[in-house]
Amino acid sequence: MKFSIWYNNDIEWFSKIIKKYHNNISSVYFSPPKDISWTLREEKQLDFDSHEKQIIKLIILCKKYSIKSIMLFNSTQWTKETWSIQSMLKNISYMKKMQQFWLTSISLYNMLHVQFIKKSLPDLEIYSSVTLHIKELEMARYIKKLWVDIITIPEEMNRDFKFIEDITTKLWFKIQVMLNEWCIKNCPFRDMHFDISVNWWEFSEDWKNFNKDWLMPNF
């Protein structure tokens, strides 16, 4: 069995993990610099240039061990600026830049961008983000028509073997299963958690402590 693992922004430590366990790693996923796109992973990045140098080194290392490199574009928070054509073109331009270093894949939330990305970067593999919460066959069918290559199903569908079988046999769609979802099953605050996590790294410790109980209730 192989796993997709999250890059923790410590390139020296993480390089040792890849070198030691590369036979058990199928892919590595990571964020672009926040000036390019925010993601759902709480993290404290270095400055733009330092973070970029690290992920380039990471992508090259993945290439060496035949591991997929997946850059995340999975933020659920959008403004008039991020919805703009200029923002989309900026993201595509950055994808092109990283593909020069053998970036293989992206994970995407905004499905309006898929066809533009595919036309600009036909060799770039596209995963649907788990934030799309696809749990019906019809939803998966729509996503496939948009030229998505691999669908990421939400954690509550991991044991719905009929759903998984239908996707793979009726739609001939490759799937990715999430194992480390932070929400409880059928979490009523799931969308809120996604939105908050985009900006969590910016919040003060006082704010986090004040909101901890209701953001992550102990059921």
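Treat the numbers as computed from the prediction; the structure is a model and nothing was measured.

(A) Just helix α2 (residues 48-64), in detail. Here α2 is 17 residues long and its end C-alpha atoms lie 24 Å apart, about the 24 Å a rise of 1.5 Å per residue gives. On the buried face of α2, the contacting elements are α1 (11-21), β2 (25-30), β3 (68-73) and α3 (85-99). Note on α2: the residue one or two positions beyond its end, Ser66, has a positive phi of about 55°.

(B) Seen up close, the sheet that holds strand β1 (residues 3-6). Strand order across the open sheet formed by seven strands is β1-β2-β3-β4-β5-β6-β7, with parallel pairing between neighbours. Each of the sheet's edge strands pairs with one partner strand only, and the pair in question is β1 and β7 (174-177). Each strand axis lies, on average, 30° off the axis of its neighbour in the sheet, ignoring direction. In terms of strand pairing, β2 meets β3 through four bridges, oriented parallel. Bridged to Phe30 within β3 is Met71. The strands touched by helix α6 (residues 161-170) are β6 (150-153) and β7; relative to β6, the strand with the most contacts, the crossing angle is about 170°.

(C) Broad picture of the nonpolar core. Formed by 44 residues in total, the largest nonpolar core has its most connected members in Ile18, Val28, Phe30, Leu58, Met71 and Ile106. The element contributing the most residues to this core is α2, with six residues. Among all residues touching Val28, those that are not within four sequence positions of it are Ser4, Ile5, Tyr7, Phe14, Ile18, Leu58, Cys62, Ile67, Lys68, Ser69 and Ile70. Counting residues in hydrophobic clusters, the runner-up holds five residues, among them Tyr29, Leu72, Tyr127 and Ile150.

(D) Structural context of the packing of α1 against α2. Put simply, α1 and α2 touch, their axes get as near as 11 Å, and they point 10° apart. One way to sum up the angle between α1 and α2 is to call them roughly parallel. Where α1 approaches α2, its residues Ile11, Glu12, Phe14, Ser15, Ile18 and Lys19 are matched on the opposing element by Gln54, Lys57, Leu58, Leu61 and Cys62. When grouped by side-chain class, the residues that make up the contact of α1 with α2 number six nonpolar, two polar and three charged.

(E) Quick look at the pattern of salt bridges. One pass over the structure, following the stated rule, counts seven salt bridges. Here Glu12 ties to Lys57 by a salt bridge, and the two come within 3.3 Å at their closest N and O atoms. Of this pair, Glu12 sits in helix α1 while Lys57 sits in helix α2; the two residues are 45 residues apart in sequence, bridging distant segments of the chain. Three or more residues joined by partner-sharing salt bridges are found here, namely Lys162, Asp166 and Lys170.

(F) View of unusual backbone geometry. Positioned with a positive phi, Asn9 is a non-glycine residue whose angle comes to about 65°. Along the chain, Asn9 falls in the loop between β1 and α1. Unusually for a residue other than glycine, Trp102 sits at a positive phi of about 80°.

(G) Structural context of α1. Taken as a whole, α1 has its buried residues at Ile11, Phe14, Ser15 and Ile18. Burial along α1 is one-sided: seen end-on, the buried residues are contained in an arc of 105°. When the buried face of α1 is taken as reference, the exposed residues oriented beyond 90 degrees from it are Lys16 and Lys20. Along its buried surface, α1 packs onto β1, β2 and α2.

(H) Region of the structure containing the pairing of β2. Counting buried positions along β2 yields five of six residues, so the element is predominantly enclosed. Of the pairings in the sheet, the one linking β1 to β2 comprises four bridges and is parallel in character. Looking at the pairing, Phe3 lines up with Ile25 of β2. Crossover connection from β1 via α1 to parallel β2: handedness right-handed.

(I) Region of interest: a nonpolar patch on the surface. Judged by side-chain polarity, Met1, Phe3, Val177 and Leu179 come together as a nonpolar surface patch covering roughly 460 Å² of accessible area. Inspection of the secondary structure assignment puts Phe3 in strand β1.

Criteria and thresholds
Residues numbered from 1 in each chain as written. Predicted model: local features only at pLDDT ≥ 70, side-chain atom pairs only at ≥ 80, totals over all residues. Heavy atoms only, no water. Helix = DSSP H or I, 4+ residues; strand = E, 2+ residues; numbered from the N terminus. Expected span 1.5 Å × (residues − 1). Contact = heavy atoms within 4.5 Å. Pairing = 2+ DSSP bridges. Axes fitted to C-alpha atoms, helices over the stretch in contact; angles between N-to-C directions. Core = buried A, V, L, I, M, F, W, Y, C linked by side-chain atoms within 4.5 Å. Buried < 20%, exposed > 50% of the residue type's maximum accessible area, 1.4 Å probe, protein only. Parallel < 35°, antiparallel > 145°, perpendicular 65-115°, else oblique. Nonpolar A, V, L, I, M, F, W, Y, C, P; charged D, E, K, R; others polar. Salt bridge = Lys/Arg side-chain N within 4 Å of Asp/Glu carboxyl O. Arc of directions from axis to C-beta. Right-handed = clockwise from strand over helix to strand, strands pointing away. Patch = residues over 30% accessible without salt bridge, like charges linked within 9 Å, V, L, I, M, F, W, Y side chains within 5 Å. Areas by Shrake-Rupley, 256 points an atom, 1.4 Å probe, with all protein chains shown as cover.

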